[in-house]
Amino acid sequence: MTTISRITWDAASARRTGRQFLAGPTEPTGPAGSAGPAGGGTPVAEVVGAMMGAHAQVPSAAEVSVGVRTSGLTRADVRTALWDGRSLIKTYGPRGTVHLLPARELPLWSAALTAVPTGPSPFRREVRLTEEQAAQVVAAIGEALEGTCLTLDELTEEIVARTGPWAGDRVMPAFQELWPRWRQVLHRAGWAGTLCFGPNRGRKATYTRPPPVAGAAGVPAGGTGEALGAFVRRYLYAYGPATPQHFAKWLAAPTGWAATAFRELAAAGGIEEVDFEGTRAWVAAGDTDFPDGPVRGVRLLPYFDAYVIAAQPRERLFPGAAFERALAGGQAGNFPVLLVDGVVAGVWHQRRQGRRTTVTVEPLVRLTARQERELGEQVERVGEVLEARAELVVGEVRVGPHA
């Protein structure tokens, strides 16, 4: 009879924070094993790979996410990796949101994300694209962006020229205006690897086709199924133990599809069942070593940090008052959070003026003298990442959740 490992919250939290470079001022050191980060050619890309992508809808938040996980990187290093070294790609990742991803891992991400079933359209029937039209648009995007950077307006013209006027009809409701119909599948072009962000042209975003990357991690020989299995194991290495429901929530995927994927992986021996605080959960096969003690320390994590989005169960990560104060209707990421001993224990906000930034922290628990010192160090670190001089103010955060 197979013995099932029993994993406590403290053990899971300690391992997750360690693998997320959140347990101490450590530096990336390279590949971390078959189930873990594949490395990305630079310390920045390695950190982003360990996070399973850095949410980049707010660029400064992505820079802070990466920077606070190391002792020396700044926003300049992140920008260099993105625009000069090209070890990072800015594109559409989990949940169809903008992420930074390691460039060499893009084939794996594309194979896994395109395997996620398309959910029901939120738009009226006369606004929607058919699957045939969606495929035409994604192909047209790839053709239009080959070897060039285009703004949205320029890309719209190219897509309409390649598909038909229906693609450019302004029928898609968004932010109190109407967008061209084709933009319903903008994120799917990112998932397919035919689109990523290029450098801004003035205040306008541009898009281009991801360039080929030397040494890129290709799709496993078994195709999409093998790619999805590798992707699930990577997720479990970073955030396990986890259930199919946790994985589906992180990815915004159907829970039934996720359950099937886990069941097939378990049957093939790719993942292993564990008891996680009395709940049936999973880790990558053989990855059952966990730290003995709980995590200690104070961290400041920005909007939509990967750790607060992906680590589950959420009621353990956001205990007590944090569940009401640091979540927006149960949704994580809308507030920058104060992490104390691996759980959310406050919120914070930074306001920049020139070369100075004021960091206001609202703790929800009484901090010890040691934790207060660590908080001061974290505020200094945030300032270093943003290349600003930081000042700590302890008090109420009056800024609402990020829209």
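Coordinates for the structure precede this section.
About the cut-offs
- Residues numbered from 1 in each chain as written.
- Predicted model: local features only at pLDDT ≥ 70, side-chain atom pairs only at ≥ 80, totals over all residues.
- Heavy atoms only, no water.
- Pairing = 2+ DSSP bridges.
- Helix = DSSP H or I, 4+ residues; strand = E, 2+ residues; numbered from the N terminus.
- Contact = heavy atoms within 4.5 Å.
- Axes fitted to C-alpha atoms, helices over the stretch in contact; angles between N-to-C directions.
- Phe/Tyr/Trp six-rings, centres within 6.5 Å; stacked < 30°, edge-to-face > 60°.
- Lys NZ or Arg CZ within 6 Å of the ring centre and 35° of its normal.
- Buried < 20%, exposed > 50% of the residue type's maximum accessible area, 1.4 Å probe, protein only.

Engineer: What exactly am I supposed to notice about the sheet that holds strand 10 (residues 279-284) here?
Structural biologist: Strand pairing in a sheet relies on backbone hydrogen bonds. The paired strands run either parallel or antiparallel. Spatially, 3 strands are ordered 1-9-10 in an open sheet, and the strand pairing comes out mixed. Strands at the two margins of the open sheet, each flanked by one partner only, are strand 1 (6-7) and strand 10. Across 6 bridges, the pairing between strand 9 (residues 271-276) and strand 10 is antiparallel. Bridge pairing in strand 10 links Val274 to Ala281. Sheet strands in contact with helix 9 (residues 224-239) are strand 9 and strand 10, and its direction is about 110° off that of strand 10.

Engineer: How do you make sense of the packing of aromatic side chains when you look at a structure like this?
Structural biologist: In this description, an aromatic ring pair is defined by two values, namely the gap between the centres and the angle between the planes. Applying the stated criterion to the full structure yields 13 aromatic pairs. Ring centres 6.3 Å apart and planes at 25° place the aromatic pair Phe247 and Trp257 in the stacked group. With Phe247 in helix 10 (residues 244-251) and Trp257 in helix 11 (residues 255-267), this residue pair connects regions lying 10 residues apart in the sequence. Three or more aromatic residues joined by ring pairs make a cluster, and in this case those are Trp109, Phe231, Tyr235, Tyr239, Phe247, Trp250, Trp257 and Phe262. Taking the ring centre of Phe290 as reference, the NZ or CZ of Arg15 above it sits at 3.7 Å. Stacked on the ring of Trp179, the Lys or Arg Arg183 has its end atom at 3.5 Å from the ring centre.

Engineer: Where do I start with the side chain of Glu374 in this structure?
Structural biologist: With respect to the helices, strands and loops of the structure, Glu374 is situated in helix 15 (residues 369-385). For Glu374, the residues in contact, after removing those within four places along its chain, are Gly297 and Val298.

Engineer: What am I meant to see in the pairing of strand 3 (residues 88-92) here?
Structural biologist: Regular strands place their side chains on alternate faces of the sheet. Burial of strand 3 is extensive: 5 of the 5 residues sit out of reach of the surface. The antiparallel hairpin formed by strand 3 and strand 4 (residues 98-102) contains 5 residues in its connecting segment, where Arg95 sits at a positive phi of about 65°.

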